Amino acid sequence: MPLAPPKTRPHNPCFSSGPCAKRPGWCPEALGDAWLGRSHRAKGGKARLAEVIARSRSILGLPDGYRLAIVPASDTGAVEMALWSLLGARGVDMLAWESFGSGWVTDAAKQLKLNDMRIMQADYGKLPDLSKVDRMRDAVFTWNGTTSGVRVPNGDWIADSRAGLTICDATSAVFAMDLPWAKLDVVTWSWQKVLGGEAAHGMLALSPRAVERLETYRPAWPLPKIFRLTKDGKLNEEVFTGATINTPSMLCVEDALDSLRWAEEIGGLPALIARAEANLAVVADWVAAREWVDFLAEDPATRSCTSICLKIVDPWFQALPAPEQAAAAKAVAAHVEKAEAGYDIAAYREAPPGLRIWGGATVAREDMQALLPWLDWAYGKVKGARGK
Ligand SMILES: Cc1ncc(COP(=O)(O)O)c(C=O)c1O
């Protein structure tokens, strides 16, 4: 392990998994034209909200007939309004393999108290058996498990002829991974992840079949105003044109537009995906040449290119009692942060001890390359300080 610190640092040391690094070259002046101090329902305000929807649709290639809305309360708001509005019409398969997916299981089991529910869970690093998902039932899952760095490899396990709805929390996947839209009936995300926008609002995409469910099914439980997507039994179409349910932050809207314009300038979705995959490739090469560290994702096909989660496999570390493992992993992240080489790279608080490095599209490959030697340095420091 090298004891001397590396000579170079990443130009941008931001590797948090949310809010994520701003796009290269971002500065507050990018928000100079924000629609501030004016009503979001005035023509100019509504036009900006509609522009976020239009640019997002176009970059992502949403199929015709899919609706897209800006909704309250970030990704959580978007997911929960879908769960509360749609679940209960038929049985549901709830899939979870890390903290956020488990949160949706809790919603379905303890809050909605659904009785026809199958829970398909897997430990950190693994996926549940996707082939067990029943096409007659609804399915709720995350595309990318942000806290384990495990993503579903594709949508082949989702039947085209399904009768149930697929509800997909894709917040750390959208704009960095190819999504098979026709297989997804509800897709949610937020602005602060892959495009590095400001956190505030959620995005909710609905397939025609999801809309049909909304118009034909009335849940047994009450729906608060911020969850209501229908009016008199019909879809509230206005919400999908930028007439938000309640007041949005127009500063965040401006920032979202800035990030979407950047995405277009660099070449749209293929370029965004290529940037994230390049970051994963840099980490994969580095991991392959190291004995002390490995991916938390067991199957390489499921390794996330955004929330890249690593475990420490060095026998010395493995022999430590669990609390000391957690402390040692945190100390590695703390050394890197103190050296201003990389911020916020500790594993998620509920995940196994280790490191989590965001590799989404706003992170430059050169910065990822510059970060990794600091991990060797910090690990050597932690191990050395503990008598090895
Ligand atoms: C998979 C997943 N779901 C939900 C959330 C919560 O998102 P938000 O804070 O935007 O509501 C996150 C945040 O990291 C996430 O990664």
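Up top is the structure.
Residue positions are counted from 1 within each chain, in the order its sequence is given. This being a predicted model, a pLDDT of at least 70 is required before a residue's local features are given, and a value of 80 or more before pairs of side-chain atoms are given or counted; all residues contribute to the totals for chains, interfaces and linings. Side-chain descriptors were evaluated using all non-hydrogen atoms of the structure, hydrogens and water having been removed beforehand.

> Any chance you could break down the environment of G342 for me, citing the residues and the numbers?
The topology assignment puts G342 in the loop between helix 8 (322-338) and strand 14 (355-358). Burial here depends on accessible area, computed with a 1.4 Å probe over protein chains only, as a share of the maximum for the residue type. Under 20% is buried, over 50% is exposed, and the range in between is partly exposed. You can call G342 buried: its relative accessible area is 0%. Taking the C-alpha atoms as reference points, G342 and W374, separated by 32 residues in sequence, lie 8.3 Å from one another. The residues touching G342, leaving out its near neighbours within four places in the chain, are P13, F15, V336, E337 and L371. To qualify as a helix, a DSSP run of H or I must reach at least 4 residues; to qualify as a strand, a run of E must reach at least 2; elements of each kind are numbered from the N terminus. Whether two residues are in contact is decided by their heavy atoms, any of which lying within 4.5 Å being enough.

> How would you explain the site of the ligand if you had to name every residue and give the values?
What makes a residue near a molecule or strand is one non-hydrogen atom of that residue sitting within 4 Å of it. Around the ligand sit S74, D75, T76, F100, W104, N144, T146, D169, T171, S190, Q192 and K193, and that is every residue in its neighbourhood. Under this definition, polar contacts are N or O atom pairs within 3.5 Å; protein pairs additionally need one hydrogen-donor-capable and one acceptor-capable atom, and for neighbouring residues in sequence, both atoms have to be side-chain atoms. T76 places a polar side-chain atom, nitrogen or oxygen, 2.5 Å from an oxygen atom of the ligand. Between an oxygen atom of the ligand and a side-chain N or O atom of Q192, the distance comes to 3.1 Å. Look at the ligand: alone it shows 390 Å² of surface, and the protein chains cover 85% of it. Every element with two or more residues in the shell around the ligand is listed here: helix 2 (74-86) and helix 3 (99-111). Sorting elements by how many residues they give to the shell around the ligand places helix 2 first, with three residues. Accessible surface area values rest on a Shrake-Rupley calculation with a 1.4 Å probe, where residue burial reflects the displayed protein chains alone.

> Please provide a residue-by-residue account of helix 6 (residues 268-288), values included.
Multiplying 1.5 Å by the helix residue count minus one yields the expected span of that helix. In a regular helix each residue adds 1.5 Å, so 21 residues correspond to 30 Å; helix 6 covers 31 Å between its end C-alpha atoms and thus fits that length. Along helix 6, the residues classified as buried are G268, L269, A271, L272, I273, A276, N279, L280, V282, V283, W286 and V287. Each element contacted by the buried residues of helix 6 is listed here: helix 1 (43-60), strand 6 (150-151), helix 5 (250-265), strand 12 (293-295), strand 13 (307-312) and helix 9 (365-385).

> Break down the sheet that holds strand 8 (residues 186-190) for me, citing the residues and quoting the values.
Reading across the sheet, the seven strands line up as 1-9-8-7-4-2-3 and stay open at both edges, with mixed pairing between neighbours. Strands with a single pairing partner mark the edges of an open sheet, and in this sheet they are strand 1 (67-71) and strand 3 (117-121). For this sheet the average axis-to-axis angle between neighbouring strands, irrespective of direction, equals 15°. Two strands pair when backbone bridges link them, and strand 2 (residues 92-96) and strand 3 are joined in this way by five bridges, in the parallel orientation. Within strand 3, the position partnered with V92 by the bridge is M117. In the packing of helix 3 onto the sheet, contacts are made with strand 2, strand 3, strand 4 (138-142) and strand 7 (166-169), and the angle to strand 2 comes to roughly 150°. Axis geometry follows a simple rule: fit a line to the C-alpha atoms, using only the stretch in contact for helices, then measure angles between N-to-C directions, giving values from 0 to 180 degrees. Sheet strands in contact with helix 4 (residues 208-216) are strand 1, strand 4, strand 8 and strand 9 (202-206), and its direction is about 95° off that of strand 9. Pairing between strands requires that DSSP locate at least two bridges from one strand to the other.

> Give a description of the sheet that holds strand 12 that names residues and reports values.
Here we have three strands laid out as an open sheet, ordered 12-13-14, and antiparallel in their pairing. The open sheet terminates on both sides in strands that have one partner only, identified here as strand 12 and strand 14. Taken pair by pair, the neighbouring strands of this sheet meet at an average axis angle of 35°, ignoring direction. Relative to strand 13, strand 12 runs antiparallel, the two sharing three bridges. Paired with D294 across the two strands is K311, which belongs to strand 13. On top of the sheet, helix 6 reaches strand 12 and strand 13; it is set at about 140° to strand 12, its chief contact.

> Residue-level account of the packing of helix 6 against helix 9, with values.
Where helix 6 meets helix 9, the closest approach of the two axes is 9 Å, and the angle between their N-to-C directions is 25°. What the angle tells us is that helix 6 and helix 9 run roughly parallel. The interaxial crossing formed by helix 6 with helix 9 has right-handed handedness. Where helix 6 abuts helix 9, its residues A278, N279, V282, V283 and W286 lie against R365, M368, Q369, L372, L375 and D376. In this count, Pro and Cys sit with the nonpolar residues alongside Ala, Val, Leu, Ile, Met, Phe, Trp and Tyr, while Asp, Glu, Lys and Arg are called charged and the others, Gly among them, polar. Its residues assigned to classes, the contact of helix 6 with helix 9 shows seven nonpolar, two polar and two charged. Angle categories are assigned with fixed cut-offs, so that under 35 degrees is roughly parallel, over 145 is roughly antiparallel, 65 to 115 is roughly perpendicular, and the rest are oblique. Should the near helix be turned counterclockwise from the far one by less than a right angle, the crossing is left-handed, whereas a clockwise turn marks it as right-handed.

> Residue-level account of the environment of R209, with values.
Here R209 shows up in helix 4. A residue is classified by how much of its surface remains accessible, and R209, at 28% relative accessible area, is partly exposed. Along the sequence, R209 and A163 sit 46 residues apart, while their C-alpha atoms lie 9.3 Å from each other. Setting aside residues no more than four positions away along its own chain, R209 makes contact with R162, A163, G164, L165 and D185. A distance of 2.9 Å separates the side chain of R209 from the backbone oxygen of A163, its partner in a polar contact. Only 3.2 Å separates the side chain of R209 from the side chain of D185, close enough to count as a polar contact.

> Describe the side chain of N144, listing the residues and the values that go with them.
When you line up the elements, N144 lands in strand 5 (residues 144-145). Side-chain polar atoms of N144 contact the side chain of S172, separated by 2.8 Å. Apart from the residues lying within four places of it in its own chain, the contact partners of N144 are V150, R151, D169, S172, A173, M177, S304, T306 and S307.

> Lay out the pattern of salt bridges with the relevant residues and their values.
If charged atoms from side chains of opposite charge come close, those side chains can pair. Note on definitions: salt bridges are taken to be side-chain nitrogens of Lys or Arg within 4 Å of carboxyl oxygens of Asp or Glu. Summed over all chains, the structure comprises 21 salt bridges. K22 serves as the salt-bridge partner of E198, at 2.8 Å between the closest nitrogen and oxygen. Residue E198 is found in the loop between strand 8 and strand 9, and its partner K22 is found in the segment before helix 1; the two are separated by 176 residues along the sequence. Its relative accessible area of 34% is what places E198 among the partly exposed residues.

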